[in-house]
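Report on the structure
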Amino acid sequence: MTVVTAGSTTPAPAPAGRPRATGRGRLVLARLLAARGAVVGAVLILLLFALAFGGPYLTPWDYATPDFTALHQPPSAAHWFGTNGVGQDVFAQTVRGLQKSLIIGLLVALFSTVLASLVGACAGYFGGWADRALMFLVDLMLVFPSFLIITVVSPRLRSSGWIAFVLLLALFNWMITARVVRSMTISLREREFVRAARFMGVRPLRIISRHILPNVASFLIVDATIAVGGAVMSETALSYFGFGVRPPDVSLGTLLAAGTSEAPVFPWMFYFAAALLVLFVLAVNLIGDGLRDALDPTAGGAPRRFRRFRRSGSATRSSRSTPSSSSHSSRSSRPQRRRP
Amino acid sequence: MLRYLAKRLSYYAALLIAAVFLAYAISAGALQPRTYFDAKLPRPSAESVERQLTALNLNDHTPVVERFGHWAGGLLHGDLGRTIHDTPVTDDFGRRVWVSLRLLLLGSLLGTVLGVVAGAWSAVRQYRLSDRLLTVASFVLLSTPVFLVALFLKNGAIAAKDAAGHEVIPFTGYETPGLTGGIGAHLADWALHLLLPTISLALGGLATYSRYQRGIMLDVLGSDYLRTAEAKGLTRRRALLKHGLRTAVIPMSTMFAYSFLGIFTGAIFTETIFGWHGMGEWLIQSINEQDVNSVVAINLFTAVVVLASGFLADTLHAALDPRVRS
């Protein structure tokens, strides 16, 4: 029974005057570093960013300038990733495409998360008609095949360039997050500190920005991280079919589109871009997963507590014993949930 | 339960009407059928362009609401309007819908069922080798867009063909043209053609569902009622199947409804890559041809399918969770 108390690790709020033992930021960082996947993901992301933004300075070739002496050349010392049909350097192109895809992914995730948190918090906080109207909008946009709309509208936005494409992607990427923020807000609304603020006469928008949003921040951080990966995937898929980034601009999607038909014969035109795309999204997902566990150890990611529980459970099963006192005590060693 | 379902159904009907109107307005506003006729050779007279546009209900001089009214009036009689080539949209629709549905249903069902099973199994075996392998595999799959999976599979099939000297697994179309033989030969041919597109669709679903199911199942595994069920004398397997899995599947039913759109989007890529003449290929083609009526018909199709799967999810939810019914 003593294990129960040992299991709860919540740092007690430090009394004023004394230095705090462990801050939340440090705690989260420590948990994040303990997760192997997240560390691998973070290292990968750093490397990819270095490649995307430092890569263009490493090679003498420009992504657009053709080298007519080398057409369809396999990777070599001069052209690290080989060249394409008109002699453009695939390394320079891939690096440039990666850069574009990363920027688009980050911007889309940022915009859609901001939109989602605003709509979700307003719907949840105000309730009533505002809630019903906003949720109808969310459902409507979920029913609506966003891909169809993007493909229909994007040719008209060709002149406004890739920023318009970013906004379009963000516009169709916020709904599910908004739903979650809404349901979290509904339960936050009834909490004492929010009520107290309300009774003190704090205006609703200020309550939302000062009390609601900071409390859903953990979820938003994780969600935005995952959204970066999703946005990059949508961007490449749309660009692949010519509805997103267009030549002469390059992104990973346009590179994949150009390399597809040649992949069986000239694999370097396709697989470098494909590998970088998968690596990047994988790294983002790993970080997102690690962040989720680090920010909220009670979430159903990979809680260690089950490890002990499972072992004891299987031990009971193999011995085929009726619920004995020993198995009971081993099970109650599971630390209590710390959710309020 | 019927009351609850009726309420959901009326909500979905409102959503459907709003979604279809919005789809119509956006398509009619963004696409320009006029340019299609203007680009024809020899160039038709302005008057005849006008006449053809009006006949097809595509004239942008008519207000959108009026065009929508005309289109909706036809819809009530089962008429989806005419394509830009002046053929009935319903002809194309009828031909392509079965091609797509075959792929969609098989892909989503396979992905969902296998994903739920894999996730639950992986949760029960948490931190063992099989769980770790499945986690790694699902992470890699989750990070690969569907079109890339499809391309990898297709490239693999091409490589296999080059290595073997003949086509091992078909990678274009949904049947061998001019195939002779009985019904058995045709079915086998279909199944073989379905193989790669279905795998590429199902893999994404499998990865997503298995991750979610694993998380939910882990929560359920630690719950008190499962321990109670075991304490009452149920074997662990029975407790897991009867009490654990049932509760763990409930949140998944909601996910299923909304993930259908993702699967449809994936199918657009898969169809185009594997050369299936389905709805996805039709969409890309009709957008390039500025064919408003066809685009709207595809929108209608997806909206109906999504809402139908939403309704299915609600029914499933109500059947599994008695609290919803009241």
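All values derive from a computational prediction rather than experimental measurement.

Conventions adopted
Residues numbered from 1 in each chain as written. Chains lettered and ligands numbered in written order. Predicted model: local features only at pLDDT ≥ 70, side-chain atom pairs only at ≥ 80, totals over all residues. Helix = DSSP H or I, 4+ residues; strand = E, 2+ residues; numbered from the N terminus. Buried ≥ 20, exposed ≤ 12 C-beta atoms within 10 Å, placed from the backbone. Contact = placed C-beta atoms within 7 Å. pLDDT = per-residue confidence, 0-100. Nonpolar A, V, L, I, M, F, W, Y, C, P; charged D, E, K, R; others polar. Expected span 1.5 Å × (residues − 1). Bend = angle between axes of the 7 residues up to and from the residue. Axes fitted to C-alpha atoms, helices over the stretch in contact; angles between N-to-C directions. Parallel < 35°, antiparallel > 145°, perpendicular 65-115°, else oblique. Left-handed = near helix turned anticlockwise from the far one by under 90°. Core = buried A, V, L, I, M, F, W, Y, C linked by C-beta atoms within 7 Å.

Right, let's talk about the overall build of chain A for a bit. Scanning chain A from terminus to terminus reveals 14 helices and 0 strands. Across chain A, helices and strands are ordered from the amino to the carboxyl terminus as α-α-α-α-α-α-α-α-α-α-α-α-α-α. Across the 340 residues that make up chain A, the buried fraction comes to 41%. Residue pairs in contact within chain A that sit at least 24 positions apart in sequence constitute 67% of those at least 6 positions apart.

Another aspect to go through is the overall build of chain B. Summing up its helical and strand segments, chain B has 13 helices and 0 strands in all. The principal-axis extent of the C-alpha atoms belonging to chain B is close to 85 × 60 × 40 Å. Evaluated residue by residue, chain B yields a buried proportion of 41% over its 326 residues. Excluding contacts between residues fewer than 6 apart, the proportion of contacts in chain B whose partners are at least 24 apart in sequence is 75%.

This brings us to the confidence of the model for chain B. All names here are of chain B. Residues at a pLDDT of 70 or more form 99% of chain B, whose mean pLDDT is 84. Helix α6 (residues 129–142) holds the highest mean pLDDT among the elements of chain B, 88, whereas helix α13 (residues 322–325) holds the lowest, 74. For this predicted complex, the interface score ipTM comes out at 0.80, alongside a pTM of 0.78.

Take the environment of B:S138 next. All names here are of chain B. Along the chain, S138 falls in helix α6. When the C-alpha atoms of S138 and L151 are compared, they prove to be 18 Å apart, with 13 residues separating the residues in sequence. For S138, the contacting residues outside a window of four places in its chain are A207, S210 and R211.

With that settled, the discussion passes to the interface of chain A and chain B. Counting residues at the interface gives 41 residues for chain A, matched by 48 residues for chain B. Looking at the side of chain A that touches chain B, the elements that each hand over two or more residues are α5 (128–143), α6 (146–153), α10 (204–240), α12 (268–295) and α13 (305–319) of chain A. Considering each element in turn, the side of chain A that touches chain B owes the most residues, 7 residues, to α12(A). Taken together, the residues of the side of chain A that touches chain B break down into 27 nonpolar, 7 polar and 7 charged.

Residue and element names in this part refer to chain A. Across chain A, the average pLDDT comes to 75, with 80% of residues at 70 or higher. Taking the mean pLDDT of every element in chain A, the minimum, 32, falls on helix α14 (residues 325–331) and the maximum, 91, on helix α9 (residues 192–199). This model gives residues 1–12 a pLDDT under 50, and the stretch forms 13 contacts once residues within four places in sequence are excluded.

For the rest of this paragraph, the subject is helix α8 (residues 183–221) of chain B. Note on helix geometry: an α-helix contains 3.6 residues per turn, so any two residues three or four positions apart are oriented the same way. The first and last C-alpha atoms of α8(B) sit only 48 Å apart over 39 residues, clearly below the 57 Å expected at 1.5 Å per residue. Along α8(B), the sharpest change in direction is near 40° and occurs at B:L195; proline B:P197 comes one to four residues later.

All names here are of chain A. The contact between helix α4 (residues 90–126) and helix α7 (residues 161–171) brings their axes to 8 Å, and the two run at 45°. In terms of their interaxial angle, α4 and α7 are classed as oblique. In the packing of α4 onto α7, the handedness of the crossing is right-handed. Mapping the contact onto sequence places I104, L107, V108, F111, S112 and L115 in α4 and W162, V166, L167, L169 and A170 in α7. Residue composition of the contact of α4 with α7, by class: 10 nonpolar, 1 polar and no charged.

Okay, the nonpolar core next. If you look at the biggest cluster of nonpolar residues, it comprises 159 residues, and the most contacted ones within it are A:A273, B:F147 and B:A150. The dominant element in this core, judged by the number of residues it contributes, is α12(A), at 17 residues. The contact partners of B:A150, leaving out residues within four places of it in the chain, are B:S200, B:F269, B:T270, B:I273 and B:F274.

Glancing now at unusual backbone geometry. All names here are of chain B. You will see that Y127, though not glycine, has its phi angle at about 70°, which is positive. Assignment of secondary structure puts Y127 in the loop between α5 (89–124) and α6. On the basis of neighbour counts, which here come to 13 C-beta atoms within 10 Å, the residue Y127 falls in the partly exposed class. Unusually for a residue other than glycine, Q290 sits at a positive phi of about 60°.

What follows deals with the packing of helix α7 (residues 146–164) of chain B against α8(B). Residues and elements named next belong to chain B. Packing of α7 against α8 leaves a shortest axis separation of 9 Å and a crossing angle of 145°. Between α7 and α8 lies a crossing of right-handed hand. Residues V146, V149, A150, L153, K154 and A157 of α7 lie in contact with α8, whose contacting residues are L196, I199, S200, L201, L203 and G204. Class assignment of the residues belonging to the contact of α7 with α8 gives a composition of 9 nonpolar, 2 polar and 1 charged.

Residue and element names in this part refer to chain A. Note that R189 resides in helix α8 (residues 175–189). Residue classification places R189 among the partly exposed residues on the basis of 19 C-beta atoms within 10 Å. Excluding residues that lie within four positions of it along the chain, R189 makes contacts with G124, Y125 and V194.

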